[in-house]
Structures are given as C-alpha cells and as structure tokens.
Amino acid sequence: MTILNETYTLSNGVETPKLGLGTWFIEDDRAADAVQTAIEVGYRNIDTAQAYGNERGVGEGVRASGVSREQLFVSSKLAAEIKDYDEAGAAIDESLAKLDIGYIDLMLIHSPQPWADFRGGDYAEGNLAAWRALEEAHEAGKLRAIGVSNFLRHDLDNILEHGTVAPHANQVLVHAGNTPSELIAYCQSKGILVQAYSPIAHGEILDNPQVRAIAEKYGVSVPQLCIRYTLQLGCVSLPKTANPEHMRANAQVDFVIPGADMEALRRLDDRDYGAHAAFPVYSGG
C-alpha cells in the first residue's frame, strides 16, 4: 500500500499525503475509533470540518494513535455560514480547542456561500474577511496551510486578486461521472492543489455498469478504481469510511489506469447521488 507513503507538496512547501480519510457522516462518538484505526492501517491524512460535528472525536483519535503529531496531516474547515473576520477568527480558535492537537495542518473555507444559498448570492467581501482571518492564523503558526472548498474559478479569483496568500488547496467534488476538468486545470495552473471529496460519488457509482466493467478489467473494486482515478488526475483523494476493511482496500491502489480508460472515466456523466442528492454539494452545481 505504497500510496499511503506518497505525498504532494503544497505551494508553501508543506507536504500532504495523497490519500486521506474523509470523516463526513462519522458521528463524534465514533470518530476517535475510526481515526485511530485509520492511522493504525497507515493513513496519515485526516479530513474533518466544523460542519461535521466531530472535531473533538477526530482530535481524540489523533492523540490516542501513538503516532507523532508531526507525521500526521489534519485538515478542518471553517463553517460555510461564517463570512465575517471576527467570527472566523473565533471559529478557527474553537476548532483548535476542540481538536486539541496543537495546530491544524490545513484549514479551508468550506464553501463560497452559506449552504442555504449554495451557488447563490455574492459573498465576495465575506469570503475575503474570512480569508484574512485564515491568513493571520497561518502567519501566527496556528495553521500550516490554508485553502478553500467548493470554490469555482471566479471565487478563487477573488481570493487570488485581493488576498495576501494564495489558497494552497481547493477541496471539491471530483469523481468518475463528475470531473470538473477546467476547474482542476485552473487550480493546477495557479499552484492550488485539488482535493477530491466523495471520490466514490457517495457510493452511488458502485452500480454504474461502465465503471464496473473497467474495474473488472484491472481486477480491482469500483472504489479502488475511483480512488485511483482521482489520484491520476493529480488530486488528493479523500474517501470516507469508518470500516477498517474498506480503509485497507481503499489504500490498495498501486495500479495504473491507462489513457483510454482515464479518458472514458473523465467523459462519464453520472451524478446520481440517491438519497444524498438533497445535500447542496450534490444538487447545487
């Protein structure tokens, strides 16, 4: 499982593991066990958010893991509703206190708009206010790197043109069936690392016959194919699971998808998220 030892380097020189553990939908009282298990398996990249309500549990798992803090990369996200400098500063400190792991490796603005208005109104000034708080926490050493999530090109340009620090990462929905190729290319042109959340399309891609056929060709599972696909796009891949067997299987991606099949997966259009389609990130563009 060599992927667990592979890293990307952010534009500020900080290294981040290519494969991480997503913790969305893992309850706070289960998060510590899930994180501790993932670290035992070999994961060194753990992703959480204020909105997940499990920062306390994630921090407990990190502290109990027995692995030195410096070997781990822990991300969190500023709640999407916070578009104010003072609120953002207070929320960053709250995350630091809940996690209780000394510092946060990467802190993101969770969305350019509050969830209730996802892809809606203009929050450019609010994003700059929140970004200024992130920049100051980064300068103070509380955060090793800072970035954004669910930001489109115009959202990024606002930060790039008016901020002091360019975002180090943009965490977006990327999976076979939903590949924002232009956005990925734009981020890469600006030195912004793309992190892929829901690389297995929140599980709904498992039944796609075309994806299953390609996976069978290489003797791998659909989740393994989908994770490998996002890695070959040059993204960090953040599959979510609390299942130890799935954690191990998700890291067994030491194979290569050739160009023709990469292109077939890139062209695929499958955005059926089943019961989860109600979430803004799946329904709001």
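Structure report, in brief. All values reported here derive from a predicted model rather than from experimental measurement.

### Overview of the pattern of salt bridges
- As enumerated under the stated definition, the model contains 11 salt bridges in all.
- A salt bridge links Asp28 to Arg56, with the nearest nitrogen and oxygen atoms 2.8 Å apart. Of this pair, Asp28 sits in helix α1 (residues 28–41) while Arg56 sits in helix α2 (residues 55–64), and the two are 28 residues apart along the sequence.
- You can call Arg56 partly exposed: its relative accessible area is 38%.
- Where Lys77 meets Asp47, a salt bridge forms, and the shortest distance between an N and an O atom there is 2.7 Å. Linking Lys77 in strand β5 (residues 73–78) with Asp47 in strand β4 (residues 45–47), this pair joins segments that are 30 residues apart in sequence.
- Counted as one network, the salt bridges with shared partners bring together Asp28, Arg56 and Glu60.

### Notes on unusual backbone geometry
- In the Ramachandran plot, Asp100 falls in the positive-phi region, its phi being about 55° despite a non-glycine side chain.
- Residue Asp100 is classed as partly exposed on the basis of its relative accessible area, which comes to 46%.
- The backbone phi angle of Ser198 is positive, close to 50°, even though this residue is not glycine.
- Residue position: Ser198 is located in the loop between β9 (193–197) and α7 (209–217).
- Here Ser198 falls in the buried class, since its relative accessible area comes to 10%.

### Here's the deal with the state of the cysteines
- All chains considered together, the criterion is met by zero disulfides.
- The thiol sulfur of Cys187 is not disulfide-bonded, and the nearest other cysteine sulfur, from Cys235, lies at 8.9 Å.
- Cys226 takes part in no disulfide bond, and the closest cysteine sulfur to it belongs to Cys235, at a distance of 13 Å.

### Let's talk about the nonpolar core
- Among the nonpolar cores identified, the biggest contains 86 residues, and Tyr43, Leu78, Ile92 and Leu225 are the most heavily contacted of them.
- Residues contacting Leu225, with those up to four places away along its chain left out, are Val211, Ile214, Ala215, Tyr218, Val220, Phe255, Ile257 and Leu265.

### Remarks on the sheet that holds strand β8 (residues 169–173)
- What the eight strands build is an open sheet, ordered β3-β4-β5-β6-β7-β8-β9-β10; its pairing is parallel. Strand pairing shows two members of the sheet lacking a second neighbour, β3 (21–22) and β10 (236–238), which therefore form its edges.
- Across five bridges, the pairing between strand β6 (residues 104–109) and strand β7 (residues 143–149) is parallel. Residue Leu106 lies in a different strand from β7, and its bridge partner there is Ala145.

### Section: the packing of aromatic side chains
- Summed over all chains, the structure comprises three aromatic pairs.
- Ring centres of Trp24 and Tyr52 lie 6.5 Å apart, and the angle between their planes is 25°; this geometry places the pair in the stacked category. A residue pair is termed long-range when its members are at least 10 positions apart, and Trp24 in the loop between β3 and α1 and Tyr52 in the loop between β4 and α2 qualify at 28 residues.
- Taking the centre distance of 5.5 Å and the plane angle of 45° together, the rings of Trp115 and Phe118 count as tilted.
- Among the residues examined, Phe118 registers a relative accessible area of 11% and is labelled buried.
- Three or more aromatic residues joined by ring pairs make a cluster, and in this case those are Trp24, Phe25 and Tyr52.
- Sitting over the ring of Tyr8, Lys18 keeps its end group 5.0 Å from the ring centre.

### Considering the environment of Val67
- Secondary-structure assignment places Val67 in the loop between α2 and β5.
- In sequence terms Val67 and Asp86 are 19 residues apart; their C-alpha atoms lie 34 Å from each other.
- Beyond its immediate stretch of four places on either side in the chain, Val67 contacts Ile39, Arg44 and Leu72.

### A word on the packing of helix α8 (residues 222–232) against helix α10 (residues 259–267)
- Between α8 and α10, whose axes approach to 11 Å, the crossing angle comes to 95°. As judged from the angle between their axes, α8 and α10 are roughly perpendicular. On α10, the residues that touch Leu225, Tyr229 and Gln232 of α8 are Met262, Leu265 and Arg266.
- Here the residues of the contact of α8 with α10 sort into four nonpolar, one polar and one charged.

### Notes on the environment of Glu15
- Note on placement: Glu15 falls in strand β2 (residues 15–17).
- By relative accessible area, Glu15 is classed as partly exposed at 46%.
- Taking the C-alpha atoms as reference points, Glu15 and Ala140, 125 residues apart in sequence, are found 19 Å from one another.
- Those residues in contact with Glu15 that lie beyond four places of it in its chain are Thr7, Tyr8, Thr9 and Phe73.
- Looking at Glu15, its side chain comes within polar contact range of the side chain of Thr7, at 3.3 Å.

Quick notes on the rules
Residues numbered from 1 in each chain as written. Predicted model: local features only at pLDDT ≥ 70, side-chain atom pairs only at ≥ 80, totals over all residues. Heavy atoms only, no water. Salt bridge = Lys/Arg side-chain N within 4 Å of Asp/Glu carboxyl O. Helix = DSSP H or I, 4+ residues; strand = E, 2+ residues; numbered from the N terminus. Buried < 20%, exposed > 50% of the residue type's maximum accessible area, 1.4 Å probe, protein only. Disulfide = S-S within 2.5 Å. Core = buried A, V, L, I, M, F, W, Y, C linked by side-chain atoms within 4.5 Å. Contact = heavy atoms within 4.5 Å. Pairing = 2+ DSSP bridges. Phe/Tyr/Trp six-rings, centres within 6.5 Å; stacked < 30°, edge-to-face > 60°. Lys NZ or Arg CZ within 6 Å of the ring centre and 35° of its normal. Axes fitted to C-alpha atoms, helices over the stretch in contact; angles between N-to-C directions. Parallel < 35°, antiparallel > 145°, perpendicular 65-115°, else oblique. Nonpolar A, V, L, I, M, F, W, Y, C, P; charged D, E, K, R; others polar. Polar contact = N/O pair within 3.5 Å; in protein donor to acceptor, adjacent residues only side chain to side chain.

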